[in-house]
Amino acid sequence: VFTTKRETGKTLSGIGLALCERLLAEDGEIHLCLACRNMQRAEAAQAALLLSHPGSDINLLRVDVGNIKSVIEAAQEIMQRYQRLDYLYLNAGIMPNPRINLKAFINGLFSSKVISMFATGEGLLTQEDWVTDDGLQQVFMTNVFGHFLLIRGLEPLLGQPGCPSQVIWTSSNNARKSAFSLTDYQHGHGQESYSSSKYATDLLSVALNKHYNSQGLFSSVICPGLVLTNLTYGILHPFIWTLLMPIMWLIRVFTNSFTLNTQNGTEALVWLFKQKPESLDPLVKYHSCTSGFGNNYVVPRKMDLDIETAEAFYKKLLELEQNTKKNDGVTENYR
């Protein structure tokens, strides 16, 4: 979602649509741009938003963050449409062909780690991945590098004098240090590409703050908690989810990370919309939390990372960007 307060940008489904509903409820004067891959779904989302918020300024933009050419063209289009961006919500993400270790799952149900197992998926989830036409790992390209290229392409609109901009990433409890490696940052040799990519976004957010805070661009990461969307429903058969729901509602009494629905999951995203970005801690991840009684609130938690690794990863992305532009014959005009 691109938004100025004036623009916001993102992919529309689940948390994305719920976020847009809540942003319009917070400020009906914002100019909202829905950046989506599927324009049919985007138009349906636009119509739904206009139905509940008639007269709002809601535009559409086609972009596939899993495709370099699409990202560059989208950045160029945004540059032509707008003079500045106040908020850039980076919510697009994939977890292709997730698989559950059933033995670990069953053992976890009857252990003291059951809450952590559901909240993070640690030790349970593996994914398949593949190489894109651009020669990059698909999950890395979609969840990390496509967003990075978009930010780079939109630099002139972000953080203008006297008007700071916020880049807000949707990360995950599944972002784990053990799944990420600088020597294989695309995660081409593992089976936890989603976890690796989300940890990579945490690192990238820290690096962006180091390099861009001085020009008024601030980056934050959030965790929506365990939200039941198409992504999570794809992990297990629908019948299994039906059996698990009573257990999940019971566990919710003992943990604040089971947000479960999209409205709850957007709490941290909306909270950041109302903060002064210069007051935020760049080393913190902001978690959407929901009590057993359904009350929503935000909890800041320090991320398990170091600035040196974040900087090293940032440099690797810059090198990859340069190599990508050389290979595709892309000029500096898109920046």
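Conventions we followed
Residues numbered from 1 in each chain as written. Predicted model: local features only at pLDDT ≥ 70, side-chain atom pairs only at ≥ 80, totals over all residues. Heavy atoms only, no water. Helix = DSSP H or I, 4+ residues; strand = E, 2+ residues; numbered from the N terminus. Buried < 20%, exposed > 50% of the residue type's maximum accessible area, 1.4 Å probe, protein only. Salt bridge = Lys/Arg side-chain N within 4 Å of Asp/Glu carboxyl O. Core = buried A, V, L, I, M, F, W, Y, C linked by side-chain atoms within 4.5 Å. Contact = heavy atoms within 4.5 Å. Axes fitted to C-alpha atoms, helices over the stretch in contact; angles between N-to-C directions. Parallel < 35°, antiparallel > 145°, perpendicular 65-115°, else oblique. Left-handed = near helix turned anticlockwise from the far one by under 90°. Nonpolar A, V, L, I, M, F, W, Y, C, P; charged D, E, K, R; others polar. Pairing = 2+ DSSP bridges. 1 Å grid on protein atoms, 1.4 Å probe; cavity = no way out; pocket = protein on both sides within 12 Å on 5 of 7 lines; lining within 4 Å. Points joined across faces, edges and corners; volume = space filled by probe spheres on them. Disulfide = S-S within 2.5 Å. Patch = residues over 30% accessible without salt bridge, like charges linked within 9 Å, V, L, I, M, F, W, Y side chains within 5 Å. Areas by Shrake-Rupley, 256 points an atom, 1.4 Å probe, with all protein chains shown as cover. Right-handed = clockwise from strand over helix to strand, strands pointing away. Phe/Tyr/Trp six-rings, centres within 6.5 Å; stacked < 30°, edge-to-face > 60°.

(A) Local environment of the overall build of the chain. Helix and strand counts for the chain come out as 12 helices and 11 strands. When burial is assessed residue by residue, the chain has 57% of its 335 residues classed as buried.

(B) Representation of the pattern of salt bridges in the model. Overall, the coordinates contain 11 salt bridges when judged by the stated rule. Residue Glu267 pairs with Arg22 through a salt bridge whose shortest N-O separation is 3.0 Å. Placement of the pair is Glu267 in helix H11 (residues 267–273) and Arg22 in helix H1 (residues 15–26), with a sequence separation of 245 residues. Across the pair, Arg22 and Glu267 agree in class, each one buried.

(C) Up close: the nonpolar core. In this structure, Phe145, Ile151, Leu154, Leu204 and Phe313 are the most contacted members of the largest nonpolar core, which totals 50 residues. Where this core is concerned, the elements lending two or more residues are strand S3 (31–36), helix H3 (68–81), strand S5 (87–90), helix H6 (138–153), strand S8 (165–170), helix H7 (193–212), strand S9 (217–223) and helix H12 (307–328). Once residues lying within four places of it in the same chain are set aside, the contact partners of Phe313 are Phe140, Val144, Phe180, Leu182, Tyr185, Ala200, Leu203 and Leu204. Core analysis: the next-biggest nonpolar cluster, separate from the first, contains 28 residues, Leu19, Leu23, Ala42 and Val270 among them.

(D) Broad picture of the packing of H1 against helix H2 (residues 39–52). Running from N to C, H1 and H2 point in directions that differ by 30 degrees, and their axes come no closer than 11 Å. The angle between H1 and H2 places the two elements in the roughly parallel class. The two elements H1 and H2 cross, and the hand of that crossing is right-handed. Contacts between H1 and H2 involve Leu17, Cys20, Glu21 and Leu24 from the former and Ala45, Ala48, Leu49 and Ser52 from the latter. Across the contact of H1 with H2, the residue classes tally to 6 nonpolar, 1 polar and 1 charged.

(E) Main features of the pairing of S5. Neither face of S5 is exposed, since Tyr87 and Tyr89 on one face and Leu88 and Leu90 on the opposite face are all buried. The sheet contact formed by S5 and S8 spans 4 bridges and is parallel. For Leu88, the partnering residue across the bridge sits in S8 and is Val167.

(F) Spotlight on unusual backbone geometry. One non-glycine residue, His187, adopts positive backbone phi at about 60 degrees. By the secondary structure assignment, His187 is in the loop between S8 and H7.

(G) Representation of the layout of surface pockets in the model. If you add up the space inside the second largest pocket, you get close to 290 Å³. As for the second largest pocket, its lining consists of 16 residues, and the residues nearest its centre are Ser172, Asn173, Ala175, Lys285 and Asp304. Only H7, strand S10 (284–290) and strand S11 (296–302) provide two or more residues apiece to the lining of the second largest pocket. Looking at the lining of the second largest pocket, its residues break down into 5 nonpolar, 4 polar and 7 charged.

(H) Inspection of the packing of H3 against H6 at higher detail. Close contact between H3 and H6 brings their axes to 9 Å; oriented N to C, the two are set at 35 degrees. Once H3 is placed against H6, the crossing between them reads as right-handed. Between H3, through Ile68, Val71, Ala75, Ile78 and Met79, and H6, the contact on the second element is made entirely by Met141, Phe145, Gly146, Leu149, Leu150 and Gly153. Partitioning the contact of H3 with H6 into residue classes produces 9 nonpolar, 2 polar and no charged.

(I) Up close: the state of the cysteines. Enumeration over the complete set of coordinates arrives at 0 disulfides. Left unpaired, Cys289 is separated from the closest cysteine sulfur, that of Cys223, by 8.1 Å.

(J) Spatial organisation of a nonpolar patch on the surface. There is a patch of nonpolar side chains on the surface, built from Leu102, Ile106 and Phe110 and spanning about 380 Å² of accessible area. You can see Phe110 is positioned in the loop between helix H4 (102–109) and helix H5 (114–120). What makes Phe110 exposed here is its relative accessible area of 73%.

(K) Inspection of the pairing of S3 at higher detail. Among the 6 residues that make up S3, 5 are buried, leaving the element largely enclosed by the rest of the structure. Of the pairings in the sheet, the one linking S3 to strand S4 (residues 57–62) comprises 6 bridges and is parallel in character. Each residue of the ladder has a partner; that of Ala35, found in S4, is Leu61. Considered for its hand, the β-α-β crossover made up of S3, H2 and S4 is right-handed.

(L) Region of the structure containing the packing of aromatic side chains. Inspection of every chain in the model, using the stated rule, returns 10 aromatic pairs. Measuring from ring centre to ring centre gives 6.4 Å for Tyr87 and Tyr89, while their planes differ by 20 degrees; the resulting arrangement is stacked. Relative to Phe145, the ring of Phe140 lies with its centre 5.8 Å away and its plane at 10 degrees, an arrangement referred to as stacked. Through pairs of rings, three or more aromatic residues link up here, namely Phe140, Phe145, Phe148, Phe180, Tyr185, Tyr199, Phe313 and Tyr314.

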